[in-house]
Amino acid sequence: MSVAFDPVTGHLRVDADAFITLVEYASDPEGACEDVVARLGEAGAVAGGAPHPALRNALAAVTSSLGSLQVLVTGPDGVRLHQAWVAFVSAMLTDLADGTYDFAAVSTEFVPTSIARLTGLQARPRLAAASAVVDESLLDDLASNSAPARQAGSEALADLLAPWPRASSAVRAGLWQLSVVDIAFPARGRTVVRRLAWVDVDAGLLRVEADEHGPTLVPTTSTALWRAVVSILPTDAETGTVAQSA
Amino acid sequence: MSDVDPAPGRFPTPRLTTLRTRGGSVSFDVPADWDTIELPPGSGVVAAVEPDDADRFRTNVVLTITEVQGSLGDWHRTTQHHEAQELDGYLLLDHEELAVGGRLGLRRLTTHSTPAQESVTTESWTTLVDGTGVTLTARVSTLRLGDMAPVIDAVAASLSLHADGLVPA
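Residues numbered from 1 in each chain as written. Chains lettered and ligands numbered in written order. Predicted model: local features only at pLDDT ≥ 70, side-chain atom pairs only at ≥ 80, totals over all residues. Heavy atoms only, no water.

Visitor: I keep staring at the overall build of chain A and nothing clicks. Help me out?
Guide: A count of helices and strands for chain A gives nine helices and 13 strands. Taking the principal axes of its C-alpha atoms as reference, chain A extends roughly 60 × 40 × 30 Å. Split into buried and exposed, the 246 residues of chain A put 50% on the buried side. A separation threshold of at least 6 residues defines the contact pool for chain A, and within that pool the share at least 24 residues apart is 55%. As displayed, chain A has an accessible area near 10700 Å², and 50% of this comes from carbon and sulfur atoms. Looking at chain A, you have 16 positive and 28 negative side-chain charges, and the mean spots of the two groups are 10 Å apart. (Helix = DSSP H or I, 4+ residues; strand = E, 2+ residues; numbered from the N terminus. Buried < 20%, exposed > 50% of the residue type's maximum accessible area, 1.4 Å probe, protein only. Contact = heavy atoms within 4.5 Å. Areas by Shrake-Rupley, 256 points an atom, 1.4 Å probe, with all protein chains shown as cover. Lys, Arg positive; Asp, Glu negative; His and termini not counted. Charge placed at Lys NZ, Arg CZ, Asp CG, Glu CD.)

Now the structure itself:
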């Protein structure tokens, strides 16, 4: 089990078991696994029967979140699944792709910046206006934990991007990344679910749009994606709250 | 698969008024109810700021006119480097060549953290006219970008330049 904690910054690096135990310990100390709690204690993440005060905001976001957010980032080299809890002060669990995660509070207004950094959102060449219908199974392959499936998906993606030769060549060269941002939050007695997905092929950006015919790849820009990332978060009117700083 | 409107425009675009400087050689539109500032008069800096009606970052638009040595690309790289060094949490999100005021120009989209720990999104449009650099910069609280994007787009689209009066004889 891996646990490393910096009480000054409040940053915690943990594996999945330790993180789950920490969250359990925050709400029900008696029910948490003693062995894992002991390891958290050795790292200084828990002390005196409670999580370290520097973790208080981040844990409060997990246990009292206004919404849950996931950022899936896949590419030829692997899959990363980051998790965030949107609250008065939010928290992020960043997948380090080695079986461990960084856990930290983040001011809610900086959640879009975190998403931009996690997905490597940046300027790309503009692709000519066109569109390509994409099969759900291709997107599933690109998002798969299986390297052969992602390879098969990338080959199909390269064929699909024939209208944009440079984009197609980039995919064949292994320069592709699929990013999917999902959020779910309760609002006015129902659960609101929003999804934003795009493919970055180095030679351009394509947003995954959906209509009655299924998903379609449509050229977009990082400016449009940034605005969409910001807009995916619940508004104060939707949650009836006002976000605060970490 | 995506179901997020990138520019929901929850508020209608407000009524605009036109600001002019350098004898009218440069002009752009801003919301009519924003406070306007020119410091000092004739300095080549004109700004408009949304009303201070809440405890929040005030969306603002600033136009600067400066003498520039070198090419538009050189100036852009210098500015980019300076901002990356000076601004906390700076992140360049987009940049592109496009027409600014009818001339070859550049647009950049960035975000950074203010000293008050506010997340701000900045969009700027820059062009160079015979050694005179013109930059229009809009800054907005990141979480309000969805509402303010139509206003920012309208301000940017309104920028008008005339070399007469802009470039010293």
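Still more to cover.
Visitor: Would you take a moment to explain the interface of chain B and chain A for this structure?
Guide: The figure often quoted for interface size is the accessible area lost as the parts come together. In this complex, chain B contributes 33 residues to the contact, which on the side of chain A involves 35 residues. Summed over both partners, the interface of chain B with chain A comes to about 2700 Å²; 56% of that surface belongs to carbon and sulfur atoms. Between chain B and chain A we count four salt bridges in total. Looking at the side of chain B that touches chain A, the elements with two or more residues in it are strand E6 (88-100), strand E7 (103-113), strand E8 (119-129) and helix H2 (145-158) of chain B. Counting residues per element, the side of chain B that touches chain A draws most heavily on E6(B), at eight residues. (Buried area = accessible area lost by both parts, 1.4 Å probe. Salt bridge = Lys/Arg side-chain N within 4 Å of Asp/Glu carboxyl O.)

Visitor: Can you walk me through the pattern of salt bridges in this structure?
Guide: Side-chain pairs of opposite charge can arise where the charged atoms are in close proximity. In total, this model carries 20 salt bridges over all chains according to the counting rule given. Connected through salt bridges with shared partners, the residues Arg126(A), Arg227(A), Asp94(B), Glu96(B), Arg107(B), Glu123(B) and Asp153(B) form a single ionic network.

Visitor: Would you mind going over the packing of aromatic side chains with me for this structure?
Guide: Think of a pair of aromatic rings as described by two things: how far the centres are apart, and how the planes are tilted against each other in angle. All names here are of chain A. If you walk through the whole model with that rule in mind, you get three aromatic pairs over all chains. Ring plane angle 65° and centroid distance 4.9 Å describe the contact between Phe19 and Phe103, whose orientation is recorded as edge-to-face. Remark: Phe103 occurs in strand E8 (residues 100-106) and Phe19 occurs in helix H1 (residues 16-27); sequence separation between them is 84 residues. Overall, Phe103 belongs to the buried group, its relative accessible area being 0%. Linked through ring pairs, Phe19, Trp85 and Phe103 together constitute an aromatic cluster. (Phe/Tyr/Trp six-rings, centres within 6.5 Å; stacked < 30°, edge-to-face > 60°.)

Visitor: Is there a simple way to explain the packing of helix H6 (residues 147-160) of chain A against helix H7 (residues 165-172) of chain A in this structure?
Guide: Packed helices, taken two at a time, are described by the angle their axes make and the gap between the axes. Residues and elements named next belong to chain A. Taken N-terminus to C-terminus, the directions of H6 and H7 make an angle of 165°; their axes are 8 Å apart at the nearest point. Considering the angle they form, H6 stands roughly antiparallel to H7. Crossing angle aside, the handedness with which H6 passes H7 is left-handed. When H6 is examined against H7, the residues Ser154, Glu155, Leu157, Ala158 and Asp159 are found in contact with a partner set consisting of Ser168, Val171 and Arg172. (Axes fitted to C-alpha atoms, helices over the stretch in contact; angles between N-to-C directions. Parallel < 35°, antiparallel > 145°, perpendicular 65-115°, else oblique. Left-handed = near helix turned anticlockwise from the far one by under 90°.)

Visitor: Honestly, the environment of Asp147(B) in this entry has me stumped. Any pointers?
Guide: Within the element layout of this structure, Asp147(B) appears in helix H2. C-alpha of Asp147(B) to C-alpha of Ser113(B): the two residues are 34 residues apart in sequence and 20 Å apart in space.

Visitor: Explain the sheet that holds E8(B) here, please?
Guide: Sheets are built from strands paired through backbone hydrogen bonds, the pairs being either parallel or antiparallel. Residue and element names in this part refer to chain B. The seven strands are arranged E3-E4-E5-E9-E8-E7-E6 in an open sheet whose pairing can be described as antiparallel. Only two strands of the sheet have a single neighbouring strand rather than two, namely strand E3 (35-38) and E6. Taking the axes of each pair of neighbouring strands and ignoring which way they run, one obtains an average angle of 15° across the sheet. Docked against the sheet, H2 engages strand E5 (60-67), E8 and strand E9 (132-141), running at close to 160° with respect to E9. (Pairing = 2+ DSSP bridges.)

Visitor: What exactly am I supposed to notice about H6(A) here?
Guide: Along its 14 residues, H6(A) runs 20 Å from first to last C-alpha, staying within 8% of the 20 Å computed at 1.5 Å per residue. Of the surrounding secondary structure, the elements contacted by the buried residues of H6(A) are strand E5 (67-75), strand E6 (78-86), helix H5 (136-142), H7, strand E11 (190-200) and strand E13 (214-220) of chain A. (Expected span 1.5 Å × (residues − 1).)

Visitor: Can you walk me through unusual backbone geometry in this structure?
Guide: Glycine aside, a negative phi is what most residues show, and trans is what most peptide bonds show. Located in the positive-phi region is Asp202(A), a residue other than glycine, with phi close to 70°. Within the secondary structure, Asp202(A) is located in the loop between E11 and strand E12 (205-211). A positive phi angle is found at Gln117(B), which is not glycine, with a value near 65°. Following the sequence through the fold, Gln117(B) ends up in the loop between E7 and E8.

Visitor: Looking at this structure, how should I read the nonpolar core?
Guide: Where a protein is soluble and globular, its nonpolar side chains tend to be buried together. One finds Leu69(A) and Phe28(B) to be the most contacted residues of the largest nonpolar core, which totals 56 residues. Not counting residues up to four positions away in its chain, the partners in contact with Leu69(A) are His82(A), Gln83(A), Ala84(A), Val86(A), Val111(A), Ile115(A), Val181(A), Asp182(A), Ile183(A) and Leu233(A). If you look at the next biggest cluster of nonpolar residues, it comprises 24 residues, including Leu12(A), Leu22(A), Leu55(A) and Ala87(A). (Core = buried A, V, L, I, M, F, W, Y, C linked by side-chain atoms within 4.5 Å.)

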